[in-house]
Amino acid sequence: MTISDERVAVSASSPSAENDGPVKAPSKMKHRFAVTAIQVTVVATFLAVWEWASRAEVIDPLLFGRPSQVWTAFFEYVPSPEGLASLSATFQAVALAFVIGSILGTVCGFILGLSTWANDIFGPFLVPLNSIPRIALAPMFIAWFGLTMNAKVFLAVTIVFFILAENARSAVQSVDTDLMTMARVVGLKGPTLVWKVVLPSAIPTMFAGLRLTFTYSLLGVIASEMIAATNGIGQDIVLFSSGYQINTVFAIIIELVIIAVFVNAVFQYTERRLLRWQD
């Protein structure tokens, strides 16, 4: 047998190079499509079972509502003057609480993270103060400020402040010590050190805290409104629940979910824009 014949025989008997290679993993697009399809199927199945159970009176429609009626109630409540007024009252308080609590919490967290003395003196107070249930303090805030926006804002600020303070302190303390040492060696200190080294390193952790605190500021305001208020989404939830208008209650919950998802997407987009330098 000649050398050329041997090569032909070997190539014919051995598997091709394409078959020898590892099996390619599905692309990210296919994976995302599959995950989305499963999620849509799960939600559609849940809604279909809920609708059937309500129509067949397996569950009480008065207590559990019905998806088709929730859909109708959503478009009746959300664009209505009452719904818009409640949304405005709630989110004015949420915006104020989020801004005030975020600024105060971030500044205090940075101080605790940068100053050993401040952290040793005031740091141990964060956990016990944050463990106080804010709902238990709501009646006291209402007694202090009355049925005004101030009571709602103050309650939510007490939630946002401690979350952001702990988050900012952890973010500052997690900055690479070698990076801090090199920055000090080249002469960076004070506000320049914070602006050029600490803040860029802490942004990812801080944005995770900001996304969380927006949700908690919303929860704090609504909880305060449910206890006592003259307007707001929380008051609407109590009103419609006491009147057994469960479909409208679900419609309000869906409205809040949509808003929370939208705000979270805005935070994620902003975070990606600010962190492009890491790519």
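Refer to the structure above for everything that follows.
Scope of this entry: the structure provided in the associated data block. (Residues numbered from 1 in each chain as written. Predicted model: local features only at pLDDT ≥ 70, side-chain atom pairs only at ≥ 80, totals over all residues. Heavy atoms only, no water.)

Here's the deal with the packing of aromatic side chains
- Enumeration over the complete set of coordinates arrives at 12 aromatic pairs.
- For the ring pair F141 and F154, a centre distance of 4.9 Å and an interplane angle of 75 degrees mean the geometry is edge-to-face. With F141 in helix α9 (residues 134-145) and F154 in helix α10 (residues 149-173), the pair connects residues that are 13 residues apart, well separated along the chain.
- Classification of F141 as buried rests on a relative accessible area of 3%. (Phe/Tyr/Trp six-rings, centres within 6.5 Å; stacked < 30°, edge-to-face > 60°. Helix = DSSP H or I, 4+ residues; strand = E, 2+ residues; numbered from the N terminus. Buried < 20%, exposed > 50% of the residue type's maximum accessible area, 1.4 Å probe, protein only.)

Some words on the nonpolar core
- Membership of the largest hydrophobic core comes to 31 residues, with the highest contact counts inside it found for F91, F214, I233, I252 and F267.
- If you list the elements that add at least two residues to this core, you get α5 (67-77), α6 (81-114), α10, α12 (191-227), α13 (233-242) and α14 (246-274).
- Among residues more than four places away in sequence, those in contact with F91 are F214, L218, I233 and I259.
- Within the second largest apolar cluster, eight residues are counted, among which are A168, A171, V172 and M206. (Core = buried A, V, L, I, M, F, W, Y, C linked by side-chain atoms within 4.5 Å. Contact = heavy atoms within 4.5 Å.)

So, a nonpolar patch on the surface
- Together, W117, I121, F122, F125, L129 and I132 give the surface a local cluster of nonpolar side chains, amounting to about 670 Å² of exposed area.
- Top contributing element to the nonpolar patch by residue count: helix α7 (residues 116-122), with three residues.
- Its location among the elements puts W117 in helix α7.
- Residue W117 is classed as exposed on the basis of its relative accessible area of 70%. (Patch = residues over 30% accessible without salt bridge, like charges linked within 9 Å, V, L, I, M, F, W, Y side chains within 5 Å. Areas by Shrake-Rupley, 256 points an atom, 1.4 Å probe, with all protein chains shown as cover. Salt bridge = Lys/Arg side-chain N within 4 Å of Asp/Glu carboxyl O.)

A look at the environment of R211
- Among the secondary structure elements, R211 is positioned in helix α12.
- Along the backbone, R211 and N264 are 53 residues apart, and their C-alpha atoms lie at a distance of 6.0 Å.
- Every residue in contact with R211, bar those within four places of it in the chain, is listed here: N264, F267, Q268 and E271.
- For R211, the side chain forms a polar contact with the side chain of N264, separated by 3.4 Å. (Polar contact = N/O pair within 3.5 Å; in protein donor to acceptor, adjacent residues only side chain to side chain.)

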